[in-house]
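Understanding the architecture of this molecule
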Amino acid sequence: MPLRRPSKSDLAAISSKRHLQLTEAELEDLYELVCDNLTLYDELEQYPDPVREVSPAVRVPGRRLTPAEDPLNAVVRTCSVKITGAKGKLAGKSIGVKDTICVAGIPVSCASRLLYDYTPDIDATVVKRMLEAGGHITAVLNTDDFAFSGGGHTSAYGGSLNPVNKKHTAGGSSCGSAAAIADNLVDLALGGDQGGSIRIPAAWSGIVGYKPTHGLVPYTGIVGFDLTIDHIGPMTRTVEDAALLLSVIAGKEPDAADPRQPDQIKSVDYVKALTGDMKKLKVAIVKEGFGSQLSMAAVDTAVMKATKQLEKLGAQVKQVSIPEHNTVVPLWNAIAIEGGVSSFYAGHHSYQNKGWYNPRLMSAMGRGIKTHGGDFSPTAKLGALIADYMSDQYHGVFYGRARNLSNQLTNAYNKVFESFDLVVMPTTPQTAHKVPPSPEDDRKTYIRQALNMVANTAAFDLTGHPSITVPCKGVKGLPVGLMITGRHFEDATVLRAGHAYHKA
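I will try to describe carefully the structure that is included in this document. (Residues numbered from 1 in each chain as written. Predicted model: local features only at pLDDT ≥ 70, side-chain atom pairs only at ≥ 80, totals over all residues. Heavy atoms only, no water.)

**Remarks on helix α3 (residues 125-132)**
Of all eight residues in α3, six are buried; the element is thus mostly enclosed. Regarding α3, the residues found buried are Thr 125, Val 126, Val 127, Arg 129, Met 130 and Leu 131. Immediately beyond the C-terminal end of α3, within one or two residues, lies Gly 134, with a positive phi of roughly 95°. (Buried < 20%, exposed > 50% of the residue type's maximum accessible area, 1.4 Å probe, protein only. Helix = DSSP H or I, 4+ residues; strand = E, 2+ residues; numbered from the N terminus.)

Next up, the structure:
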């Protein structure tokens, strides 16, 4: 069936919106030419979409758990997806995936009412790799609404609670992944990280969270945010488990399906890197990672004490100053808001790259916004207002400036990495937030608690360096995370350091 043609009044409206200032004569001529051009789209529609191979797994969609079964509200739905007889590194392991990761035949909603009815027909590359390695996917895990929060409280299913103290949140956006690991609901979990969404909930919930080098793990088949800051990675109880899972999911994807991936990616057995010591490693304590306006002194003290343990493990530790670190929040704010919202309204795709596109998700997202846009979380609505205003008034200039300045931030860290192997700081400036009031009771507090913990984690989404959080001494009964970060593609060194500290 041919595509629906516009009317002349439709084109007149576009002229006004796009400042084309069409005359009546121009409109008359261009109307015919537009309709002629759409015959090429009619032809395009007749071509079958290329099919991505789906793993030959048995797939059983499950159900939502009751509060008694899942008191932390970690799970969006149970499921059972596995390849019968598959053997490999993950054989016998139960796996939970964040509710942004496509598993064919299992609904994915991004914890939002906008996508309630979307069921993927493809497996994300990481899903395919885990299944072929013998993994058994048993749960889709909660997240903040479209991952637009670090607080863990904005999901349409309700926030995930902190496993140590249920009066607090688990942290976000990968809140369900953290809570499910801490509550032993799954053996391994995957989270996503655009501003700290793996490491924040891992730190607040007392588990291990690993954000790989940008592009090391393919993002294909995962609902994106902004190509330049999208990461996927392990959330586990131990660093050994994180290294095991990373060994399975990392590596170059064929056919350049993910534009985030550079050419120099090599396959590595990260488990073999775990020596249990930090001998000869040079570690820099980043001064600017401590003492911010949002910092808790007790958190800074706990992390500083943890660095003494690194010395005992054989590392050479010295404090350095990186003034550019103080620019992280303004830079990340512009990129996450303008880039993220642009992605939302484009169906989670980006023009002008040769990667693989998901037309069914693009369609579902577009329809979801038009019919249920009012169900966006308050944080997503704030982002949409800011992004539209900045785009309309300033034409993306500040996004561009933020990206250019992020390159300066990257260079500043790379300069430090010429002399040091690793840098350390608190994962978050504070411990887990208390569960906030509902937006109906206090919308401002609800929103302000969504993104006030990203000052340290977001730095390495901007720069792309690999970064791990491991639990260190808690504060007033709540966990604190030590964040260790290394050079691009030296993920093995970061895991080695995290393992040595966690084991000690």
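From this point, the narrative continues.
**Comments concerning the side chain of Ser 205**
With respect to the helices and strands, Ser 205 occurs in helix α5 (residues 199-205). Dropping the residues within four chain positions of it, Ser 205 is found in contact with Asn 162, Pro 163, Val 164, Ala 170, Ala 178, Ala 182 and Pro 479. (Contact = heavy atoms within 4.5 Å.)

**Comments concerning the nonpolar core**
By size, the foremost hydrophobic cluster in this structure holds 119 residues, and its most contacted members are Val 126, Met 130, Ile 137, Met 278, Leu 482 and Leu 495. Counting residues per element, this core draws most heavily on helix α8 (residues 328-345), at nine residues. Ranked by size, the runner-up nonpolar core spans 16 residues in total, among them Leu 65, Ala 139, Val 186 and Ile 207. (Core = buried A, V, L, I, M, F, W, Y, C linked by side-chain atoms within 4.5 Å.)

**Let's talk about the pairing of strand β3 (residues 94-98)**
Walk down a regular strand and you will see the side chains alternate between the two sheet faces. The element β3 is largely enclosed, with a buried count of five among its five residues. Neither face of β3 is left uncovered, since the one carrying Ser 94, Gly 96 and Lys 98 and the one carrying Ile 95 and Val 97 both have all their residues buried. The pairing of β3 with strand β4 (residues 136-141) spans five bridges and is parallel. Across the sheet, Ile 95 pairs through a bridge with Ile 137, a residue of β4. As for the winding sense of the linkage, the β-α-β connection from β3 through α3 to β4 is right-handed. With three bridges joining them, β3 and strand β5 (residues 188-193) adopt parallel strand pairing. Bridged to Ile 95 within β5 is Leu 188. (Pairing = 2+ DSSP bridges. Right-handed = clockwise from strand over helix to strand, strands pointing away.)

**Remarks on the packing of α8 against helix α11 (residues 397-416)**
With their axes 9 Å apart at the nearest point, α8 and α11 run at an angle of 135° to one another. One element, α8, and the other, α11, form an angle in the oblique class. Our pair here, α8 against α11, has a crossing hand that is left-handed. Contact residues: α8 offers Val 328, Leu 331, Ala 334, Ile 335, Glu 338 and Gly 339, while α11 offers Phe 398, Tyr 399, Ala 402, Arg 403, Leu 405, Ser 406 and Leu 409. (Axes fitted to C-alpha atoms, helices over the stretch in contact; angles between N-to-C directions. Parallel < 35°, antiparallel > 145°, perpendicular 65-115°, else oblique. Left-handed = near helix turned anticlockwise from the far one by under 90°.)

**Digging into the side chain of Asn 142**
Here Asn 142 shows up in the loop between β4 and α4 (175-182). Side-chain polar atoms of Asn 142 contact the side chain of Ser 155, separated by 2.7 Å. (Polar contact = N/O pair within 3.5 Å; in protein donor to acceptor, adjacent residues only side chain to side chain.)

**Structural notes on a nonpolar patch on the surface**
Taken together, Leu 3, Leu 40, Tyr 41, Leu 44 and Tyr 47 make up a surface patch of nonpolar side chains, about 510 Å² in accessible area. Turning to its location among the elements, Tyr 41 is positioned in helix α2 (residues 24-45). (Patch = residues over 30% accessible without salt bridge, like charges linked within 9 Å, V, L, I, M, F, W, Y side chains within 5 Å. Areas by Shrake-Rupley, 256 points an atom, 1.4 Å probe, with all protein chains shown as cover. Salt bridge = Lys/Arg side-chain N within 4 Å of Asp/Glu carboxyl O.)

**Quick notes on the layout of surface pockets**
By volume, the largest pocket is sized at about 1,400 Å³. Forming the walls of the largest pocket are 46 residues, and the residues nearest its centre are Val 341, Ser 342, Ser 343, Ala 346 and His 349. Counting only elements with at least two residues in the lining of the largest pocket, the list comes to α8, α9 (359-372) and α10 (378-394). Residue contributions to the lining of the largest pocket peak at six residues, all from α8. Grouping the constituent residues of the lining of the largest pocket by class yields 18 nonpolar, 19 polar and nine charged. The space that makes up the second largest pocket amounts to roughly 610 Å³. (1 Å grid on protein atoms, 1.4 Å probe; cavity = no way out; pocket = protein on both sides within 12 Å on 5 of 7 lines; lining within 4 Å. Points joined across faces, edges and corners; volume = space filled by probe spheres on them. Nonpolar A, V, L, I, M, F, W, Y, C, P; charged D, E, K, R; others polar.)

**A word on the packing of helix α6 (residues 239-249) against helix α14 (residues 491-503)**
Between α6 and α14, the shortest axis-to-axis distance is 9 Å and the interhelical angle comes to 160°. If you check the angle between α6 and α14, you find them roughly antiparallel. In this structure, α6 meets α14 at a crossing whose hand is left-handed. Between α6 and α14, the residues in contact are Val 239, Glu 240, Ala 242, Ala 243 and Leu 246 and Asp 491, Leu 495, Gly 498, His 499 and His 502, respectively. For the contact of α6 with α14, the per-class residue count stands at five nonpolar, three polar and two charged.

**A closer look at the pattern of salt bridges**
Per the stated rule, a full pass over the model turns up 17 salt bridges. The partner of Arg 260 in a salt bridge is Asp 230, with the nearest N and O atoms 2.9 Å apart. Of this pair, Arg 260 sits in the loop between α6 and β8 (282-286) while Asp 230 sits in the loop between β6 (208-211) and β7 (231-236); the two residues are 30 residues apart in sequence, bridging distant segments of the chain. Comparing Arg 260 with Asp 230 shows no difference in burial state: the two are buried. When the shortest N-O distance is used, the salt bridge between Glu 490 and Arg 487 registers 3.0 Å. Using a relative accessible area of 28% as the deciding quantity, one classes Glu 490 as partly exposed. Relative accessible area serves as the criterion here: at 21%, Arg 487 is assigned to the partly exposed category. Three or more residues joined by partner-sharing salt bridges are found here, namely Asp 193, Arg 199 and Asp 461.

**Comments concerning unusual backbone geometry**
For the peptide bond that leads from Gly 172 to Ser 173, omega is 5°, which places it in the cis range. Within the secondary structure, Ser 173 sits in the loop between β4 and α4. Unlike most non-glycine residues, Asp 255 shows phi in positive territory, near 65°. By the element assignment, Asp 255 lies in the loop between α6 and β8. The class for Asp 255 is exposed, based on a relative accessible area of 74%. Unusually for a residue other than glycine, Lys 476 sits at a positive phi of about 50°. By the element assignment, Lys 476 lies in the loop between β11 (467-475) and β12 (478-486).

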